[in-house]
Amino acid sequence: MSVKNHGQSVEGLYWSIVFFWKIKSPLFCVIKTHKKMKTIITSIILTLGLTAAHAQFPGGPGGMPSGDGNGRNRNAQPQQPTLNLESTAPKGNAKITGFIVDSAATQAVEFANIALYSKTTGKAIDGTMADEKGKFTLKSIAAGEYKILISFIGFKDKTIDNIKLAKGQELEVGVVKLNPNVQTLNEVVVTGEKSLIEEKVDRMVYNADKDLTARGGDAADVLKKVPMLSVDLDGNVSLRGSQNIRVLINNKPSTIVASSIADALKMIPADLIKSVEVITAPSAKYDAEGSAGIINIITKKSSLQGLTLNVDSGVGIRGSNLSLNGNYRQGKLGVTLGGFGRMFYNKAAMSLDQTTLQNGASLLTKQTTDASDNGLFGRYNLGFDYDLGKSQALTANVSFGTRNMVRAQDMTSNLLRDNTFSSTSYRGVTTKDLSNNVDINLDYIRTFPKTPGKEWSISTQYSRSNLTNNFNADLLDASRELLSRQKNLNFNLNQEATIQTDYQTPIKKNQMIEFGAKTIMRQVNSDFSYQTAGATGVFATDVRNPEGFLNYNQNIVAGYLSYTYSTANKYTFKVGSRYEYTTIDAKDQIGTIDIPSYGSLVPSINVSKNIKGTTTLKAAYNRRIQRPGLQQLNPNFNAANPFNISIGNPNLKPELTDNFEVSLSTSIKKTYLNASVFSRSTNNSIMRLSAPSDTLAGAIVTTFENIGRQQIVGTNVFANVFITPKWTLNGGIDLYYSYLEGKVQGRDGLSVNTSNAGWVVGGRLMSSLSLQNGWAMQLHGGMRGNQVTLQGIQGSFYMYSFGVKKDFANKKGSVGLAAENFLGGMTMKSSSKTPVLSQTMVNNIYNQNVKVTFSYKIGKMSFVAPKKTKGVKNDDVKEGGDNN
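Here the residue index of a chain counts from 1 through its sequence in written order. Local features are withheld for residues below a pLDDT of 70 in this predicted model, meaning they are given only at 70 or higher, and side-chain atom pairs are given and counted only at 80 or more; totals for whole chains, interfaces and linings count all residues. To obtain the side-chain values, all non-hydrogen atoms of the structure were used and water was disregarded.

Caption draft 1: View of the sheet that holds strand E5 (residues 144-151). The strand order E3-E2-E5-E6 describes an open sheet built from four strands, whose pairing is antiparallel. Pairing within the sheet leaves two strands with one partner each, and these edge strands are strand E3 (124-129) and strand E6 (158-165). Within this sheet the neighbouring strands show an average axis-to-axis angle of 20 degrees, counted without direction. Paired strands are those between which DSSP finds at least two bridges. A run of H or I in DSSP counts as a helix once it spans at least four residues, and a run of E counts as a strand once it spans at least two, with each numbered from the N terminus. Where E5 and E6 come together, six bridges link them in antiparallel fashion. The partner of Ile148 across the bridge, within E6, is Ile160. Lines fitted to the C-alpha atoms define the axes, with helices restricted to the stretch that makes contact. Angles between their N-to-C directions range from 0 to 180 degrees.

Written out as structure tokens, the structure reads:
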């Protein structure tokens, strides 16, 4: 074989390995968790890289000239490899360390090649490769004079000359910046691009920082693109057809998330989201709550030395936002300060047709509503981290969130009794959904350098949310003159304090044991009252709806044990169990609510097997519990719409779910493919049930009950295709069969058994294209078909968006334009039917949006190694909504 062909073959193999390593293909995810295998592969990459560099490029490892689009120089002359490690080079006990970063993007250059040359002989005596953080280490070096040559594809070579080492010296060369080779940088987009999807033993990771259409939006806009997730038009999130999930932010819970996931997502700017982790098979380390799984939103963090300021903004016809985030890091101290604000404005129109059987009569209600929404959301944070030493770190964070959502509605309702017109009513309603919340965290972590992977942490958190859910109603006559007024005042408190400790240590090289303990002290309070007044009178207590309250205290003590074992034939086993004991003390205006204490043992098993090449098979089983949340417990009688009333149930008990999952992931040429089948069985299910009102003619009352059972069997398929180095296409489909059974009210007023079943389909498709001179485009679309409920169906919906972005020449900023649902609004139709009621609700949503986005980064920065942190993870409360 000629030297040239040999160089091209070696180079091709080298870059293939680097590509699969950098995109974190399933095979290399397994390799990187196995120390011995990782060392072997690292050595192979290093050897191939150094050989390819010197065999392929004139003069050894020089800069990469323009070529044929595959990183090859068409004009290169055949040459013998010039890098041969000198076998007789003396060994010593000196050491050289440093960090390699991209001078343009100020981020780590992973897997850069480092070669050490003796200035005496001019020969290479040692070499290594930078790790994922850009760090490199050269060990066992004898005293003498040297130079270091650093190279990586797409960058100009860097030489560090005049290095003098004494015996036993540990030299830190600091941060070394590589300048991009602009002639070839555009040709190697695929090689250096992070994988959109990463597979781990218990989760799927969606890397969201390349999302163009979500810029200027919120977290819900990002979650719409994540495989296995579905986000409806109100921002409610489902995982494989279930809203029984737990959402964490940087592994930490928040009481605002416990109160309303949809509202919490509106407080998180899309521009700050780095990745989204979908944990469908949580290990014993996680709280047992979240029947369908856990969603962990990871925000971008700075590992930059110095002072930086990021500005992100967007202006649109349905909403505008502004985000400012500053970072300061000097020595051992890091400080972050940020703020995000978003205004939201939209319109909607609804129609309601419902028939109820009450006191032997058939009552038909026809209602139309015109609504306008105005919202203001904000979230602000202040964080500190301090390096106590080489193996200890302390972090603290304070976050404050606020929400101000106001909806104005004009309702016209016609009531027919036995098909005969009875009455018409007119009502102007203003609902206020207001809240503010604070999260305070203090975390300590200690690592043990002599035992990699061994660590101990203590995490604490206090979280509090104050919520106001009020409405004011004006009752009008046919000429829209005021007849009387009514208002409902509902003030809520949701707070919790958490302390937890976790310890993990490796056993030999292929085993890991983890254990820990945790306690959560949670308090939920609700005070509510109704007041009425005449057209000109003063508000007074409504005697038909007396004042009420709920004081609900919940304490949880938990402990867990988890064990991981990796075998030589590429099996990884992760088994564990968690025990939680819950006590509840609750009372309302009537008296004490008797809810017995209970214990829950929740096992988990995860098995991963690398079959061949990049193909990985995974299987998992876990048991989960789901405790009711504030919206489901709150006994406030919400009659903002007097024909469609809702009320919570403080007597709810937790539901239990068994999850099974099998998945297969593989890479076929330029395509990554993941397919999974799953089943979920839930007993004592918390379900939303509707029944005719006992006192209000034509009205339906909706509450929650522990009377159901749900079984789901389905599949998810996702693919990511590199059509060209600059054009990617990814998409997926979700298909599952849902069966529900429970009890509903019969014609005689007694409960009767009922069931409902059906197929549900959903999917998403996204395409991204990188163009020259910093331009990029992205197109996204998604849908979910009709969803089965116990009493009917929840309507289907779809959404789509298109975005274009232009990066500035200095890579510090960008400007973009995005459009959402620009062809028109959409209609969502839902229905329910039982022996005593029939209801059809149609929502017309005008959600077209066009927005301009702007982002800019200010500051002089240098790279430092990121610090390891820990945090509280409370994932045990059911957010309001249906169980399916």
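So, next bit.
Caption draft 2: Looking closely at the environment of Leu416. Checked against the element boundaries, Leu416 lands in strand E19 (residues 392-417). Placed 53 residues apart in sequence, Leu416 and Leu363 show a C-alpha to C-alpha distance of 5.7 Å. With sequence-adjacent residues up to four places away left out, Leu416 is seen in contact with Ser362, Leu363, Leu364, Phe421 and Ser422. Contacts are assigned to residue pairs with any non-hydrogen atoms lying within 4.5 Å of each other.

Caption draft 3: Representation of unusual backbone geometry in the model. A positive phi angle is found at Asp418, which is not glycine, with a value near 50 degrees. Position of Asp418 relative to the elements: it lies in the loop between E19 and strand E20 (420-447). Here's how the labels work: a residue is buried when its accessible area is under 20% of the maximum for its type, exposed when over 50%, partly exposed in between, all with a 1.4 Å probe on protein chains only. Residue Asp418 is classed as partly exposed on the basis of its relative accessible area of 46%.

Caption draft 4: Representation of the packing of aromatic side chains. Two aromatic rings, drawn from Phe, Tyr or Trp (for Trp, its six-membered ring), form a pair once their centres lie within 6.5 Å of each other, and the interplanar angle then sorts them: stacked below 30 degrees, edge-to-face above 60, tilted otherwise. Going through the model one piece at a time under the given rule, you end up with 13 aromatic pairs. When the centroid spacing of 5.9 Å and the interplanar angle of 75 degrees are considered together, the rings of Tyr444 and Trp456 count as edge-to-face. With Tyr444 in strand E20 and Trp456 in strand E21 (residues 455-476), this residue pair connects regions lying 12 residues apart in the sequence. Each ring, one from Tyr503 and one from Phe515, has its centre 5.3 Å from the other, and the planes form 45 degrees; the classification is tilted. In this pair, Tyr503 sits in strand E22 (residues 482-507) while Phe515 sits in strand E23 (residues 511-534), placing the two residues 12 residues apart along the sequence. A relative accessible area of 22% places Tyr503 in the partly exposed class. For Phe515, a relative accessible area of 38% gives the class partly exposed. The rings of Tyr798, Tyr800 and Phe822 are connected pair by pair, giving a single aromatic cluster. The ring of Tyr117 is capped by Lys147, whose NZ or CZ atom sits 5.6 Å from the centre of that ring. When the ring centre of Phe448 is taken as origin, the NZ or CZ atom of Lys454, which lies over that ring, is 4.6 Å away. Working rule: Lys NZ or Arg CZ, within 6 Å of ring centre, within 35 degrees of ring normal, means a charge sits over the ring.

Caption draft 5: Seen up close, a nonpolar patch on the surface. A surface patch of nonpolar side chains, about 880 Å² in accessible area, is lined by Leu333, Leu337, Leu382, Phe384, Tyr386, Leu388, Leu394, Val398, Ile440, Leu442 and Tyr462. Sorting the residues of the nonpolar patch by element identifies strand E17 (333-358), strand E18 (361-389), E19 and E20 as the ones contributing at least two each. No other element matches the four residues that E18 contributes to the nonpolar patch. Patch construction takes residues with relative accessible area above 30% that form no salt bridge. Like charges are linked within 9 Å, and nonpolar side chains (Val, Leu, Ile, Met, Phe, Trp, Tyr) are linked within 5 Å. Computed with the Shrake-Rupley method and a 1.4 Å probe, the accessible areas treat only the protein chains shown as cover for residues. Criterion for a salt bridge: a side-chain nitrogen of Lys or Arg within 4 Å of a carboxyl oxygen of Asp or Glu.

Caption draft 6: The arrangement of the sheet that holds strand E4 (residues 135-141) in detail. Spatial strand order, E4-E1-E7: three strands in an open sheet with mixed pairing. Of all the strands in the sheet, the pair left with one neighbour each is E4 and strand E7 (170-178). The average undirected angle you get between the axes of adjacent strands in this sheet is 20 degrees. Relative to E7, strand E1 (residues 91-102) runs parallel, the two being bridged by seven bridges. Note that in E7 the partner of Ile96 across the bridge is Leu171.

Caption draft 7: Fine view of the nonpolar core. Side-chain atoms within 4.5 Å are what join buried Ala, Val, Leu, Ile, Met, Phe, Trp, Tyr and Cys residues into a set we call a nonpolar core. Leu223, Ile295 and Ile297 are the most contacted members of the largest nonpolar core, which has 27 residues in total. Those elements that provide at least two residues to this core are strand E9 (203-207), helix H5 (219-223), strand E10 (229-231), strand E11 (237-239), strand E12 (245-249), helix H7 (261-265), strand E13 (273-279) and strand E14 (293-299). Excluding anything up to four places from it in sequence, Ile297 contacts Ala219, Leu223, Val247, Leu248, Ile249, Asn250, Leu265, Ile268, Ile273 and Ser275. Among the nonpolar cores identified, the runner-up in size contains 25 residues, and Ile100, Phe111, Ile114 and Phe136 belong to it.

Caption draft 8: Molecular detail of the side chain of Ser690. With respect to the helices and strands, the residue Ser690 is situated in strand E32 (residues 671-692). For Ser690, a relative accessible area of 13% corresponds to the buried category. Among the polar contacts listed, one links the side chain of Ser690 to the side chain of Thr702, at a separation of 2.7 Å. If we skip the residues at most four places from it in the chain, Ser690 touches Ile700, Val701, Thr702, Gln791 and Leu837. Each polar contact in these results corresponds to two N or O atoms within 3.5 Å; when the atoms are within protein, one needs to be able to donate a hydrogen and the other to accept it, and residues that are neighboring in sequence are counted only if both atoms are side-chain atoms.

Caption draft 9: Main features of the pairing of E23. Here E22 pairs with E23 via 24 bridges, running antiparallel. When the sheet's bridge partners are listed, Asn494 is paired in E23 with Val524. Linking E22 to E23, which pair antiparallel, is a turn of three residues; within it Lys508 sits at a positive phi near 60 degrees. Looking at chain direction, E23 and strand E25 (residues 548-566) are connected through 18 bridges and run antiparallel. Considered in E25, the bridge of Gln511 is made with Tyr565. Sheet topology note: the E23/strand E24 (residues 540-541) ladder contains two bridges and is antiparallel. Residue pairing for E24: Thr532 is matched across the bridge by Ala540.

Caption draft 10: Spotlight on the side chain of Thr657. Mapped onto the fold, Thr657 is located in strand E31 (residues 655-668). You can call Thr657 buried: its relative accessible area is 0%. Only 2.8 Å separates the side chain of Thr657 from the side chain of Thr682, close enough to count as a polar contact.

Caption draft 11: Layout of the pairing of strand E28 (residues 598-612). Where strand E26 (residues 571-588) and E28 come together, 12 bridges link them in antiparallel fashion. Looking across to E28, one finds that Thr582 is bridged to Tyr598. Bridge count for E28 against strand E29 (residues 615-626) is eight bridges, and the pairing is antiparallel. Its bridge partner being in E29, Lys612 is matched across the sheet by Thr615. Between the antiparallel neighbours E28 and E29 lie two residues, among them Gly613 with a positive phi of about 60 degrees.

Caption draft 12: Structural context of the pattern of salt bridges. Counting across every chain of the model gives 15 salt bridges. Here Asp734 ties to Arg764 by a salt bridge, and the two come within 2.6 Å at their closest N and O atoms. Remark: Arg764 occurs in strand E35 (residues 751-770) and Asp734 occurs in strand E34 (residues 727-745); sequence separation between them is 30 residues. The exposure class of Asp734 is buried, given its relative accessible area of 11%. Note on Arg764: relative accessible area 9%, which makes it buried. Measuring nitrogen to oxygen at the nearest pair gives 3.2 Å for the salt bridge that ties Lys805 to Asp807.

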